[in-house]
Amino acid sequence: MSREDLKKIKIDDLLCSEQISVRTVNCCNNARFDTLFDIISYFEQGESFSNIRNAGRKTCLELEELCKKTLAILSGNDSCHINIVQRKELNSNASLPRYADKETMELYLSLTSVQKEELKTGFNHLLQNYSVRTKNSLSAISIEEFILDFLCFSDDKLLKIKNFGKISLNEGIEFKHRLKRKIQKLSSIPKEQLEKERKLNKYGISNNEFCISFYEKHDHFPMFWILEQHLKHDKTRDIEILIDLFPIFQNKPQHTLEEVADKQRITRERVRQIRNDVFYKTFEITDDIIDYKNKSILLKYVQLLQNKNDWAYILDVIGEAEIVSPISYEIQEKLKKEECLFSVEFVLQIIAYIFRDEFAIYGGFDVNNRDKSWKSIYLIRKTLTKIFDFEKMKEEFNNKLVDNTTDYLIDLENYIANTQSWKQFDFDKINEITKVVKDLLLHEFGLYSEDIDGNLIKIPANKERNLLDVVYEILQTKGEPMHLDEIFVEFKRIMPEHKYTQENNMDRLRPYLQRHDDITFRKRSSIYILKEWRHIRSGTIRDVILEFLLANDLPQTVETITEYVLQHFPETNQKNIHSTMFSGKNFVQFKDGLFGLVSKEYSLKYEAIERESQRKSFEQRLTDLEKFIVENEHFPFSSSEDKEEESLCRWWCRIVSGKQTVNETQQKEVERIKRSYTDYDVDKNAYEWNLNYNKFKMFILENRRVPSARGDEKFLYGWLRRAKNDFLNYRLSEEQRKKYIELAKLI
């Protein structure tokens, strides 16, 4: 190894090879060390690692030992590992410590990281054989401190350990002798054997016959099987939630947030928070460095996935394939050999997590469930994703299929050579890109080559009709008002293969009915009509009353108003009409049973009757809520200048939290609202953040620069700074983090 080679060893590489800890990585980032070369240079300049922000004793020792070993390798002299002392002492030319047992110290310093990990396990195991007093005293210091400061010095130095008295001295001396023998034994064990034993102990499978025989037969551990055992036997709430909400196991049904909330007896929002947090800290593909607490239930999963060497056999399974899909025969066969019941989708997520520097994942697990543009999940080599935009390519073909009216053939290789999806055109990669695109077209769109050479792809005419046109035609054919139930029955007859038919969910049609320019509703009971039907009154009973009172300058009696309303809604009655006016905010009641409008001025001879404010019915509130969501594209917020919006928000919060009792029919309506508008923001901060994100992105695309800190652009400039600060301090949601990263790449 040369000094130039040190520049190629990144800080993350040192972490993956377990040469340094996460704590030390964070300190290296604080010092702006990018490579091992930077660490060595800092050390050789005589600088103290203790000067680095947040670097404590353990971090300093870790970095000093790393430097000593690296310099020994560069010089070809292992003996320079010996006599590690505080860098500060070296700089001040203080005398090196005089070890009473120099041989043991040399053996310890020559141990590999694997051997030291095994020694740490042995250290903790030996402590269990001594009295509580001795065990507590020695447990209070780390193994590194004990070896460097006490093991190889005279026995009486043990008395300097806090709370370690003379009564414990004999036990301490015996402990030292046994630990020395452990060091001597470890230094003599072959590296391969020690590595195998360490992993067996580390993964908790030292006595498992299947795992041992598998290792002897295949020369590697069944890592998917090991991960499966951990997940299957982990009964903690967080892991149970993760398994219930993601397709981790074959043939295991997924559950909704509501179902899991009922099972765990917590709120839906809390389930969502736990799911996002656990997924982020375990299987989400991110380059963020997460510092786990020592007792974190997730630490074992992270440790299991961090060692690439144990998982390297997967790369042999994949071979030279440029794309891996869920139907991969090699992956399925490997799972059978390991007797593992993981779904292939989850396995691909794991592979992408471990080998993120080699593969990009498309259609992977998504905690937000918002971007489901990919029907399946794929791994594609990053050598290709760096030069070709497969997302853009897929969108191009999707547009072709949607807009196409006649069948035609395209030469795929020629199309790939001329497409705008290239990030960096590479003529030599056209064949490889074409092969990947062929697989994607087959799995995503069912498109395949029509010729022997496999280059001609048939683009079929789009035979699926626009849903807006379908619902309009259903109403036009019927010629009279239809309930949503009736519309959906006809829809299923016309489009039996459509996904809404397969889901048997009529609520999916409601947004199309509400958005159509030529369709409106009648009353509040999900009855829809065409606007062109002038002979059929649209709107609600309240709308008719308002129309009648606006046309009359004087207040009217209930009887007169009822007579007019019955012309349009003959199925109603006077009692309902009276109730509508009495509870409505637009109406005012006068003496002698007269009603007028709040917005109109009447003669003083009509004396208004003061009344207490009446609460709206559940149905009225629900209609107001749905109208608000459709018009504003978000749920009502609690902090709003609009008092009606605040009131609507408080009512909805009481409903979803269960504080307001609803009957079975009303609960179904609540669930319908949740399903129909699941993509809309319920939090004002999230809504405003997304608005500003869109404004900023549009500014970048239009101006090709970052907003300035002056003038009209000042707000966007400040928003970016706040967003960056929130990103660095993990205050953004997972969706917002992804969007911020997209912005950073765009900038």
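Cut-offs used in this document
For every chain, the first residue of its written sequence is number 1, and the numbers climb from 1 along that sequence. Owing to the predicted nature of the model, reporting of local features is limited to residues with pLDDT of at least 70; listing and counting of side-chain atom pairs is limited to 80 or more, with chain, interface and lining totals taken over all residues. Where side-chain values are given, they derive from all heavy atoms of the structure, hydrogens and water being excluded. Secondary structure counts use DSSP, requiring at least four H or I residues in a row for a helix and at least two E residues in a row for a strand, with both numbered from the N terminus. Remark: exposure states derive from per-residue accessible area (1.4 Å probe, protein chains only) relative to the maximum for the residue type, with buried under 20%, exposed over 50%, and partly exposed in between. By definition here, a salt bridge exists when the distance from a side-chain nitrogen of Lys or Arg to a carboxyl oxygen of Asp or Glu is within 4 Å. Any two residues having at least one pair of non-hydrogen atoms within 4.5 Å are treated as being in contact. The quantity known as pLDDT measures the predictor's confidence residue by residue, on a range of 0 to 100. Only buried residues count toward a nonpolar core, which is a set of Ala, Val, Leu, Ile, Met, Phe, Trp, Tyr and Cys residues joined through side-chain atoms within 4.5 Å. Strand pairing requires that DSSP identify at least two bridges connecting the strands. All axes are obtained by fitting lines to C-alpha atoms, using only the stretch in contact for helices, and the reported angles, taken between N-to-C directions, cover 0 to 180 degrees.

Student: Hey, could you go over unusual backbone geometry for me, with residue numbers and the actual values?
Tutor: The backbone of asparagine 54 shows a phi angle near 70°, a positive value even though the residue is not glycine. Inspection of the secondary structure assignment puts asparagine 54 in the loop between helix H4 (36-44) and helix H5 (57-75). The exposed category is assigned to asparagine 54, whose relative accessible area is 57%.

Student: How would you summarise the pattern of salt bridges if you had to cite specific residues and measurements?
Tutor: Taken as a whole, this structure holds 25 salt bridges when the rule is applied. When the shortest N-O distance is used, the salt bridge between arginine 268 and glutamate 258 registers 2.6 Å. With arginine 268 in helix H17 (residues 268-282) and glutamate 258 in helix H16 (residues 257-264), this residue pair connects regions lying 10 residues apart in the sequence. Exposure remark for arginine 268: the relative accessible area of 34% places this residue in the partly exposed category.

Student: Describe the environment of lysine 10, listing the residues and the values that go with them.
Tutor: Position of lysine 10 among the secondary structure elements: in the loop between helix H1 (3-6) and helix H2 (11-16). The spatial distance from the C-alpha of lysine 10 to the C-alpha of aspartate 38 is 9.8 Å, given a sequence separation of 28 residues. Once residues within four sequence positions are removed from consideration, lysine 10 is found in contact with Asp34 and Thr35.

Student: Any chance you could break down the confidence of the model for the chain for me, citing the residues and the numbers?
Tutor: Reading predicted coordinates in detail is not appropriate for stretches of low pLDDT. Across the chain, the average pLDDT comes to 82, with 88% of residues at or above 70. Within the chain, strand E3 (residues 378-381) carries the highest mean pLDDT (95), whereas helix H6 (residues 87-91) carries the lowest (36). Predicted confidence for residues 77-96 stays below pLDDT 50, and this span has 38 contacts to residues more than four positions away or in other chains.

Student: Provide a residue-level description of the nonpolar core, including the pertinent values.
Tutor: Counting residues in hydrophobic clusters, the biggest one holds 56 residues, and the most contacted among them are Phe224, Leu231, Trp311, Phe342 and Ile351. Counting residues per element, this core draws most heavily on helix H22 (residues 344-354), which supplies nine residues. Ignoring any residue separated from it by four or fewer positions in sequence, one finds tryptophan 311 in contact with Met223, Phe224, Leu304, Leu305, Ile350, Ile354 and Phe355. Core analysis: the second largest hydrophobic core is formed by 29 residues, Ile141, Phe146, Phe164 and Ile183 among them.

Student: Help me get a handle on the sheet that holds strand E8 (residues 527-530), residues and values and all.
Tutor: Pairing within the open sheet is antiparallel, and its three strands lie in the order E6-E8-E7. Since the sheet does not close on itself, it has two edges, and those belong to strand E6 (482-483) and strand E7 (519-522), each with one partner. Pairing geometry for E6 and E8, over two bridges, is antiparallel. Pairing of histidine 483 across the sheet is with isoleucine 527, part of E8. Along the sheet face, helix H27 (residues 467-478) touches E6, E7 and E8 and points at about 80° away from the line of E8.

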